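If you want the building blocks of each chain, they are given just below.
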Amino acid sequence: MLRHLLRTVNLFDTAKSVLFLGILAACHGESSDGSRAKGLVYYETYDPRSLDPALSTDVPTGEMAALLFDGLTQFDADGHLLPGLSDRWTADRRALHYVFHLRPGVSFHDGRPLVAGAVKRAFLRVLNPETHGGRVWPLLPIAGAGDYADGHAHDVPGIEVLGDTAVAFTLSEPLAVFPKFLAMPVASVVPSPVPADFSQRPIGTGPWRFVTWEHDDYLRFAKNPNYWGGAPASESLTVRIIPEPLTRAAEFLAGRVSVTEIPFGETARWEQEHAEWLKRKPALRAVYVALNNRRGPLRDPNVRRAINLAVNVPEILRTVWSGRGERAAGAIPPALGGSDISRKPYAYDTTAARRVLRAAGFGEGFAVQLWRSGTNVELGRVAQAIQSQLAAVGIRVDIVSRDASSMRDAVRKGDTDMAILDWWADYPDADNFLYPLFHSASFGPGGNYSFYSDPVTDSLILVARRTVDQRAREALYARIDGRVFQAAPWIYLWFPVDLWAVHSGVDGWDVPVIFNGQRWTKARVQ
């Protein structure tokens, strides 16, 4: 999902002299070859894997796909679901059959008209087992999609083309959030046939046209003057590849980047000295510690509750995370329907924690391992704070630091006692914080890293997924979240709040809560 931030040193004692230059030159970027990019300038922390949305498995690829391509639906910066290439759709009462009607007059960047057949061909291309490396799960609810993706079928009967103007989908089981799945980058509609160099020189229907890609340096896009949603307000958009937080902040101050996310270590200084540049928004993201519900003392929910009581979350949030978060009393971020904002977090109470541990038969404490990614400095500091606080109630924590890939592999296999993690929303719905994280079908690679298992929870999640009425579904989400919270499969920490700086010369840009929710169509340089 979005990028992990690393702690940086203080830039401002050496950078104040460029502030005036930054204001005058805001939104003008310069690449390493010396050329100057006029207009909007964004950044990625590493080169996109590809510009082919079928291969979208990482944030840079997903963000670039959102500029170049459209899906049948789309998200705005606040995570609201909006019409995309489909200007309207209908669903039956069971959320099993959907019909999406294409908006008229849409063309690809090369002039080819959009027709309904292109939608089916694009989806079959994603599901084709010869298309290597994509994340196909948003399309798998379609009847027959799994068999096609496994090479066991020659077609997907759940996709029906209705002339040139509509596409019908029949799902293998009811799914009320299916339209949100179609806003994912992998569900983007591409022309057919695609050019041989499509992943490097893409053609879509999106608001921006591809111009050039200098790998590990920058990408450039020009506005699509014929975009169905209205041409972007700016003539061009340059996306630079800037891995280091120190460099990103310096480039922003020099006016060569339009926006930048504020490093945690610099939060207070930015808030004190440059408040007028800052935009703050609650993220659709949870920071937590997965407690393996199948290992040792952690199998006992009372032990897991005691661990929550023993961790001083407000102190860690203030000292390590610079206060940029809201305490969690569940897994659903407050910005999403289904979050119960009246629910109280676990209190910090070491006396109660010791009492619960004694009643559970662990009055003398026990030893566990807490795994962390060695590349995430901030989460490493959170792990150290938890280690210190649990020691006060007799729980001896050994921190295991591994590279991100090794840690992810161990967590998915269930080889860790505890692991400090963060979960970024793939789609803005409470379902994305319940089904992957707590349904027993999602053990390990699916996202249920605590291996929490409860038949009642499983059943309620499936009922919620099938519930078309939004209010009724959100009531189920809140009930599920509360039930899981009582079982304490996590150490519940916080929901982060994003903090970005936007140059005063930039209008029309807002912090996106979902990674593909900011398409830069309204942004412009004054």
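Structure first, text after, so check above.
Residues numbered from 1 in each chain as written. Predicted model: local features only at pLDDT ≥ 70, side-chain atom pairs only at ≥ 80, totals over all residues. Heavy atoms only, no water.

Draft legend 1. Just the sheet that holds strand 8 (residues 159-162), in detail. As summarised here, the arrangement of the four strands in space is 6-7-9-8, forming an open sheet in which the pairing is antiparallel. Looking at the sheet topology across the chains shown, the edges are occupied by strand 6 (86-91) and strand 8. Each strand axis lies, on average, 20° off the axis of its neighbour in the sheet, ignoring direction. Sheet topology places strand 7 (residues 97-102) next to strand 9 (residues 166-170); five bridges connect them, and they run antiparallel. Of the residues in strand 9, the one forming a bridge with Y98 is F169. (Pairing = 2+ DSSP bridges. Helix = DSSP H or I, 4+ residues; strand = E, 2+ residues; numbered from the N terminus. Axes fitted to C-alpha atoms, helices over the stretch in contact; angles between N-to-C directions.)

Draft legend 2. Spotlight on the sheet that holds strand 10 (residues 208-214). Read from one edge to the other, the open sheet built from four strands follows the order 3-12-11-10, with strand pairing classed as mixed. The strands lining the two open edges of the sheet, one partner per strand, are strand 3 (40-44) and strand 10. Taken over all neighbouring pairs, the strand axes of this sheet differ in orientation by 20° on average, direction set aside. Judged from the five bridges that link them, strand 3 and strand 12 (residues 236-241) form a sheet pairing that is parallel. Directly across from Y43, in strand 12, lies its bridge partner R240.

Draft legend 3. Fine view of the packing of aromatic side chains. Following the criterion strictly, the structure yields 30 aromatic pairs and no others. One aromatic cluster in this structure is built from Y288, Y346, F438, Y452, F485, W490 and Y492. Lying over the aromatic face of F443, R294 brings its terminal NZ or CZ to 5.3 Å of the ring centre. Note that R402 overlies the ring of W371, its terminal NZ or CZ placed 5.4 Å from the centroid. (Phe/Tyr/Trp six-rings, centres within 6.5 Å; stacked < 30°, edge-to-face > 60°. Lys NZ or Arg CZ within 6 Å of the ring centre and 35° of its normal.)

Draft legend 4. Region of interest: the packing of helix 9 (residues 301-310) against helix 11 (residues 350-359). Here helix 9 crosses helix 11 at 165°, and the two axes come no closer than 8 Å. It follows from the interaxial angle that helix 9 and helix 11 lie roughly antiparallel. Along this stretch, helix 9 crosses helix 11, giving a crossing that reads as left-handed. Between helix 9 and helix 11, the residues in contact are N302, V303, A306, L309 and A310 and T350, A352, A353, V356 and L357, respectively. Looking at the contact of helix 9 with helix 11, its residues break down into eight nonpolar, two polar and no charged. (Parallel < 35°, antiparallel > 145°, perpendicular 65-115°, else oblique. Left-handed = near helix turned anticlockwise from the far one by under 90°. Contact = heavy atoms within 4.5 Å. Nonpolar A, V, L, I, M, F, W, Y, C, P; charged D, E, K, R; others polar.)

Draft legend 5. Representation of the nonpolar core. In terms of nonpolar packing, the biggest core is built from 151 residues, with F123, I142, F169, F178 and W520 touching the most fellow members. Membership of the second largest hydrophobic core comes to eight residues, among which are F252, L253, W270 and W277. (Core = buried A, V, L, I, M, F, W, Y, C linked by side-chain atoms within 4.5 Å. Buried < 20%, exposed > 50% of the residue type's maximum accessible area, 1.4 Å probe, protein only.)

Draft legend 6. Fine view of the side chain of S373. With respect to the secondary-structure elements, S373 resides in strand 17 (residues 366-373). There is a polar contact of 2.9 Å between the side chain of S373 and the side chain of T375. In this view, S373 contacts S401, R402, A404 and M407; residues no more than four positions away in its chain are not counted. (Polar contact = N/O pair within 3.5 Å; in protein donor to acceptor, adjacent residues only side chain to side chain.)

Draft legend 7. Here's a closer look at the packing of helix 15 (residues 455-466) against helix 16 (residues 470-487). For the pair helix 15 and helix 16, the least separation of the axes is 9 Å and the interaxial angle reads 160°. Relative to helix 16, the element helix 15 is oriented roughly antiparallel. Viewed along their axes, helix 15 and helix 16 form a crossing whose handedness is left-handed. Facing V456, T457, L460, I461, V463 and A464 of helix 15, the residues of helix 16 in contact are R473, L476, Y477, R479, I480, R483 and V484. For the contact of helix 15 with helix 16, the residue count by class is nine nonpolar, one polar and three charged.

Draft legend 8. Layout of the pairing of strand 3. In terms of burial, strand 3 is largely enclosed, as five of its five residues are buried. Residue alternation in strand 3 divides its side chains into two sets, L40, Y42 and E44 and V41 and Y43, and both sets are buried.

What is shown is where atoms sit, not what they do.
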